[in-house]
Amino acid sequence: QVQFVESGGGLVQPGGSLRLSCAASGFTFSNYYMSWYRQGPGKERELVATITTVGSTLNHVDSVKGRFTISRDNAKNTVYLQMNSLSPEDTAVYYCNAPQRLWPWGQGTQVTVSS
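Here is what the cut-offs are and how they apply
- Residues numbered from 1 in each chain as written.
- Predicted model: local features only at pLDDT ≥ 70, side-chain atom pairs only at ≥ 80, totals over all residues.
- Heavy atoms only, no water.
- Helix = DSSP H or I, 4+ residues; strand = E, 2+ residues; numbered from the N terminus.
- Disulfide = S-S within 2.5 Å.
- Buried < 20%, exposed > 50% of the residue type's maximum accessible area, 1.4 Å probe, protein only.

J.: Describe in detail unusual backbone geometry, supporting the description with residues and values.
T.: A positive phi is found at Asn77, a non-glycine position, where the angle reads about 50 degrees. Residue position: Asn77 is located in the loop between β7 (68-73) and β8 (78-83). For Ser85, which is not a glycine, the phi torsion comes out positive at approximately 50 degrees. Note that Ser85 resides in the loop between β8 and β9 (92-97).

J.: Lay out the state of the cysteines with the relevant residues and their values.
T.: Inspection of every chain in the model, using the stated rule, returns 1 disulfide. A sulfur-sulfur separation of 1.7 Å characterises the disulfide bridge that pairs Cys22 with Cys96. Of this pair, Cys22 sits in strand β3 (residues 18-25) while Cys96 sits in strand β9; the two residues are 74 residues apart in sequence, bridging distant segments of the chain. Owing to a relative accessible area of 0%, Cys22 belongs among the buried residues under this scheme. Accessibility expressed as a relative area gives 0% for Cys96, which makes it buried.

J.: How would you explain the environment of Glu89 if you had to name every residue and give the values?
T.: When you line up the elements, Glu89 lands in the loop between β8 and β9. Exposure remark for Glu89: the relative accessible area of 57% places this residue in the exposed category. For the pair Glu89 and Thr57, spaced 32 residues apart in sequence, the C-alpha separation works out to 22 Å.

Rendered as structure tokens:
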């Protein structure tokens with residue numbers, strides 16, 4: 001079955017960086033767009049960034065433009081999110097999924113930005 005395993009989160013100070021990874025399995029990864037989502041405390045889950053099958057990228061949240069970069073490695077069935085200049089507003093659980101299918105969610109990875 002389809003599975004997503006997110007990792008790389010943690011506690012980081014404002015201005016710091018993290019690189020999230022999401023290992024996907026159970027489907028032909030290279031055939032699908034992939035996206036990162038996040039859900040902050042008391043908030044709805046929101047779409048953060050998307051990468052197409054050929055590597056074109058789109059950030060969906062104005063506040064992350066210029067700071068977050070999504071990438072993928074089709075040989076490893078993995079999608080990444082490089083996050084720079086983190087702020088407390090980026091605190092959330094981060095998830096990946098294929099936006100065209102929205103399969104069951106993984107456990108996510110917690111990102112906490114705090115001094």
